[in-house]
Amino acid sequence: MPWNESTRSPRPIPSAYLPPHLRHQPTFTVTIPTSLARSSSRRGGGGGGRGRGRGFRGGRAPNPPRSYGRSRRNFSDDDPNPYNQKIMPEPPFDISEKFDELEVIDDDPSGVNNINAYDETPVETSGFDVPPPVTSFSEIDFCSGLSDNIKRCQFVKPTPIQRYAIPVAMAGRDLMACAQTGSGKTAAFCFPIITRILRDHHQLKSPTKKIDRNGGGGGFSLKTIMACPLALILAPTRELSCQIHEEAKKFSYKTGVKVVVAYGGAPIVQQFRNLEKGVDILVATPGRLVDMIERAKVSLKNVKYLALDEADRMLDMGFEPQVRKIVQQMEMPPAGVRQTMLFSATFPIEIQRLASDFLSNYIFLAAGKVGSSTDLIAQRVEYVHDADKKNHLLNLLRAQRANGKHALTLVFVETKKGADALQSWLSMKGFPSMAIHGDKVQMERERALKSFRSGLTPILVATDVAARGLDIPHVAHVINFDLPRDIGDYVHRIGRTGRAGKPGLATAFFSDKNAPLAKALVELMQEANQEIPPWLNEYTETSHAYGSGGSRSSRFSGVKFGGHNYRRGADNENYDYSNQFEDGTALESYPSQSSPYSSHDSRADFPTSSRADSFHEGFYGHMLDHRTVVASGWD
DNA sequence: AAAAAAT
């Protein structure tokens, strides 16, 4: 084997695991060397951005080729820092990735240097027999391939949500997890899924199965290739599903676990082809998935692991019927048989109740204050009349530019039309920008995102399509040109900055019509120890607590994010209160080891805030808990 | 009252 094994312990190859594309071949119980599996499959992959991707690698001293006699760059063991140098792993299986080209230079992709920013984050747990958290990745029995990938991705230390959620998920337990934006939720559900697929399903035959549509009686029949993934990850936007797919591929690199993505707005035929090559983990948006299931190209009957990212969005009014259909009416094994994991930064109480339909004996985790922002994000609110917003924005951008900042700035507006209008106006005024919203065709959406990420057009004007989940490195400033009506949307929007332990800035333009949001905004900012402009307080008297004129929560107005599992305040028999404080809360705090802000950080001059003095005082849920019982009232 | 998600 050309692989350099000399400097590390032998790499155990998952013994009987067959990569999906080899599973239907007549083989004995053979150990397939991963390298062999790789080289045969790579040939089939589509072209994608390989050529251009290589351009990013130019400056790097070439290693002696040690991989399979090919010139193509692969990870090698002596490469200390592959991701850091923007060398994408050669995707081991299908290579169709437009997003490969999108990678930009990031000197600290996983926030290694600032990861201690999370040390003080308290984590609340509830449920039966909660598996104890870990303090390092090495305590977890990942398969070696995944462990290597974690190192390659430079994850040195688990974030609080990862410390708790990974052991829970590894134990096979259902999970509802709340954690602040940018704190590593994707890895928290991907690592256990990949590990358990390798560990528990390596005997499994083929995920692509020939279905006898004539009833299996033998003889000639029409056969359809149907993909039967072991794991399903659902996300609310196409771009987010792409991003999760990219992440999951990095994590499953060379493990033989195949990850495929399916979303609308792109040719379905290509996605079918990807599925036919075999799929263990399917990442999808709901609409396209339902379409594929109805065309009998995908079956969920083998799904053992289900993850909903941005789970509260997936269960809100717009999405809930579709998601319910997928989870409850389409061959998906029932709760208790499959493992279900829900993740979000915000989790309104009523959505928690809906979600519990999908869960069985689940564990609730809350890292930090549920529904709050991280205090790594400095929040500013400025009073601006609607008519003045454009000029105000222009002044702000000019000041930023004069300051020598080339920081990426994400501008949120209310409407799709508004996004286009503002974008063209900004471009006219000399600020290169692009717009992204749901009326653009997928190509345009992706082009806008790519151009923004690369810094080519450092201003992106967006609707809420970009509010959730997207991990765009170096977004230094989020501007709420129009504030959303729902405070949760605000939390997700500003969460596009201040990610992975890095600081960020969020500016909101507050006008009279935002009065209903004032109270919720003030409370949120107080939680995050932000300075509240005095004039804003005057709006809170007329505005509703946790205000959102929001449709989905109107029946429950007065109750927003559950800092705790809603079960606590509810009539929940079989509930285990042992090992918890008398108020039902199990807490753990982490002493700070060092300041997350280094003096040489280019953004250290951004306004920052101090942390909550006391978890008990600061925890959003403590206040909510009482109201939960009173106000939600179970209809 | 708006946005997202299938064609």
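Preceding this section is the structure that the text describes.
Cut-offs and rules
- Residues numbered from 1 in each chain as written.
- Chains lettered and ligands numbered in written order.
- Predicted model: local features only at pLDDT ≥ 70, side-chain atom pairs only at ≥ 80, totals over all residues.
- Heavy atoms only, no water.
- Buried < 20%, exposed > 50% of the residue type's maximum accessible area, 1.4 Å probe, protein only.
- Helix = DSSP H or I, 4+ residues; strand = E, 2+ residues; numbered from the N terminus.
- Pairing = 2+ DSSP bridges.
- Axes fitted to C-alpha atoms, helices over the stretch in contact; angles between N-to-C directions.
- Contact = heavy atoms within 4.5 Å.
- Near = heavy atom within 4 Å.
- Polar contact = N/O pair within 3.5 Å; in protein donor to acceptor, adjacent residues only side chain to side chain.
- Nonpolar A, V, L, I, M, F, W, Y, C, P; charged D, E, K, R; others polar.
- Expected span 1.5 Å × (residues − 1).
- Arc of directions from axis to C-beta.
- Salt bridge = Lys/Arg side-chain N within 4 Å of Asp/Glu carboxyl O.
- Patch = residues over 30% accessible without salt bridge, like charges linked within 9 Å, V, L, I, M, F, W, Y side chains within 5 Å.
- Areas by Shrake-Rupley, 256 points an atom, 1.4 Å probe, with all protein chains shown as cover.
- Lys, Arg positive; Asp, Glu negative; His and termini not counted.
- Charge placed at Lys NZ, Arg CZ, Asp CG, Glu CD.

A few words on the pairing of strand β2 (residues 175-179). Looking along a regular strand, one sees side chains alternate from face to face of the sheet. By the criterion of burial, β2 is predominantly enclosed, with five of the five residues buried. Side-chain alternation along β2 places L175, A177 and A179 on one buried face and M176 and C178 on a second face that is also buried. With four bridges connecting them, β2 and strand β9 (residues 339-344) associate as parallel partners. Following the sheet pairing, A177 is matched in β9 by F343. The pairing of β2 with strand β10 (residues 363-367) spans five bridges and is classified as parallel. Across the sheet, residue A179 finds its bridge partner in β10, namely A367.

Right, let's talk about the sheet that holds strand β6 (residues 259-262) for a bit. Ordered by their spatial adjacency, eight strands build an open sheet running β1-β10-β2-β9-β8-β5-β7-β6, and the pairing between neighbours is mixed. The strands lining the two open edges of the sheet, one partner per strand, are β1 (123-126) and β6. Going from strand to strand, the sheet's axes swing by 15° on average, the running direction of each strand aside. Two elements, β1 and β10, share four bridges in a ladder whose sense is antiparallel. Within β10, the residue paired with E124 across the bridge is A366. Set on the sheet, helix α5 (residues 160-170) makes contact with β1, β2, β9 and β10; between it and β10 the angle comes to about 170°. Those strands touched by helix α6 (residues 185-200) are β2, β5 (231-234), β7 (281-284), β8 (305-308) and β9, and its axis lies near 165° from that of β9.

Moving on to the protein's contact with DNA strand B. Near DNA strand B, the surroundings consist of 25 residues, among which R288, K416, G438, R445 and R485 are the closest. Of what DNA strand B places within 4 Å of the protein, 69% of the atoms are sugar or phosphate. R445 is positioned such that a nitrogen or oxygen atom in its side chain is 2.6 Å from a phosphate oxygen of DNA strand B. If you tally residues by element for the surface near DNA strand B, the top one is helix α9 (residues 286-294), at five residues. Classifying every residue of the surface near DNA strand B by side-chain character gives five nonpolar, 12 polar and eight charged.

Turning our attention to unusual backbone geometry. At K254, a residue that is not glycine, the phi angle is positive and equals roughly 65°. Note that K254 resides in the loop between α7 (238-252) and β6. By relative accessible area, which is 12% here, K254 ends up buried.

Compared with an ideal rise of 1.5 Å per residue, which puts 13 residues at 18 Å, helix α14 (residues 416-428) spans 19 Å between its outermost C-alpha atoms and is within 8% of the ideal. Buried within α14 we find A419, L422, Q423, W425 and L426. Relative to the axis of α14, the buried residues are bounded by an arc of 165° and lie together on one face. Pointing more than 90 degrees away from the buried face of α14 are the exposed residues K417 and M428.

Attention now moves to the sheet that holds strand β13 (residues 433-436). Read from one edge of the open sheet, six strands run β11-β16-β15-β12-β14-β13, paired in parallel fashion. Here the strands that pair on one side only, and so sit at the sheet edges, are β11 (377-383) and β13. Adjacent strand axes in the sheet meet at a mean angle of 20°, parallel and antiparallel pairs treated alike. As judged from the four bridges shared by β13 and strand β14 (residues 459-462), these two strands associate in the parallel manner. Bridge pairing in β14 links A435 to V461. Across the face of the sheet, helix α13 (residues 389-402) comes into contact with β11, β12 (408-412), β14, β15 (475-480) and β16 (504-510) while running at roughly 160° to β16. In the packing of helix α16 (residues 487-494) onto the sheet, the strands contacted are β11, β12, β15 and β16, and the crossing angle to β15 comes to about 155°.

What follows concerns helix α17 (residues 518-527). In terms of residue burial, α17 counts as a mostly covered element, since eight of its 10 residues are buried. Listed in full, the buried residues belonging to α17 are A518, A520, L521, V522, E523, L524, M525 and E527. Note on α17: the residue one or two positions beyond its end, N529, has a positive phi of about 55°.

All told, the structure shown has 20 salt bridges when counted by the stated rule. For R445, the salt bridge is made with E239, and the minimal N-O distance between the two is 2.6 Å. Of this pair, R445 sits in helix α15 (residues 442-454) while E239 sits in helix α7, placing them 206 residues apart in sequence. You'll find R445 and E239 in the same group, each marked buried.

A cluster of basic residues, K390, R398, R401 and K429, forms a positive patch on the protein surface. One can find K390 in helix α13. K390 sits in the partly exposed class, given a relative accessible area of 37%.

What follows is about the side chain of T457. Considering the arrangement of structural elements, one finds T457 in the loop between α15 and β14. Among the polar contacts made by the side chain of T457, one reaches the side chain of S451 at a distance of 2.6 Å. In this view, T457 contacts P432, S433, M434, S451 and F452; residues no more than four positions away in its chain are not counted.

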